[in-house]
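# Chain and residue survey
The lines below spell out each chain.
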Amino acid sequence: MGGLDEQPDDARVSTRGQSLDRQIDALQVAGCRKVFADKKSGKSALRPELQACHAFLSAGDTLVVPELARYGRSLRDLITMVGDLRKRDIGFTSLHENLDTTIPGGRLIFHVFAALAEFIRELIVAGTHEGLAAAKARGRTGGLPTVVTAELLKAARDLLPDPERSARRSAPGACTRCDPRVMA
């Protein structure tokens, strides 16, 4: 296991509105030498900074994360990633849960906490789906309000059978985001 000066770390936030400051501060207090930060969802496999972090690590290092939920949200992915680190003789520490997988008790606690983190995530997803279903039952839907009226939709459909009348010719300037190959 590496000393504090040998610990790289990984921080992540899920949305643009969230700040990494709290996580980075905690990692610096823990003595981490390099911070890899992603502003992407833990569900996404496309996390370039996490991939760079894993490539940076070498045998004897310890990866430090602010909390398990910041490293990944799928139990399978957490176990796979930490298992891959262990095969490379790289430790794993989560500051929030105060767990260290370089010792047997830490590995046990990791699996318990990872299972709980996945359970909590599934509860949140189920609650969100229930809330959306309840709102829909009351006639409310999420998202932006529709801007297409029945008349506009009919007019657009009337244009389709006639190849001589493209949307660009019929309504100049109305299709600024349309693909020019389709609009010709």
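It should be noted that the structure appears before, not after, this text.
Read on for a plain summary of the structure. What you are looking at is a predicted structure, and each value in this text was computed from that prediction instead of being measured.

Conventions used here
Residues numbered from 1 in each chain as written. Predicted model: local features only at pLDDT ≥ 70, side-chain atom pairs only at ≥ 80, totals over all residues. Heavy atoms only, no water. Buried < 20%, exposed > 50% of the residue type's maximum accessible area, 1.4 Å probe, protein only. Helix = DSSP H or I, 4+ residues; strand = E, 2+ residues; numbered from the N terminus. Pairing = 2+ DSSP bridges.

### Brief notes about the pairing of strand β4 (residues 91-94)
Alternating positions in β4 separate into two faces, G91 and T93 on one and F92 and S94 on the other, with burial throughout. Where strand β3 (residues 62-65) meets β4, 4 bridges bridge the pair, whose relative direction is parallel. By the bridge assignment for β4, T62 is matched with G91. For β4 and strand β5 (residues 99-100), the ladder comprises 2 bridges, and the chain directions are antiparallel. By the bridge assignment for β5, T93 is matched with D100.

### Here we look at unusual backbone geometry
Keep in mind that most residues, glycine aside, have a negative phi and that most peptide bonds are trans. Phi at D89 takes a positive value of approximately 60°, unusual for a residue other than glycine. Mapped onto the fold, D89 is located in the loop between α4 (75-87) and β4. Owing to a relative accessible area of 51%, D89 belongs among the exposed residues under this scheme. One non-glycine residue with positive phi stands out, namely N98, at about 50°. Overall, the relative accessible area of 70% leaves N98 in the exposed class.

Take it as geometry only, folks, not as evidence of what the structure does.
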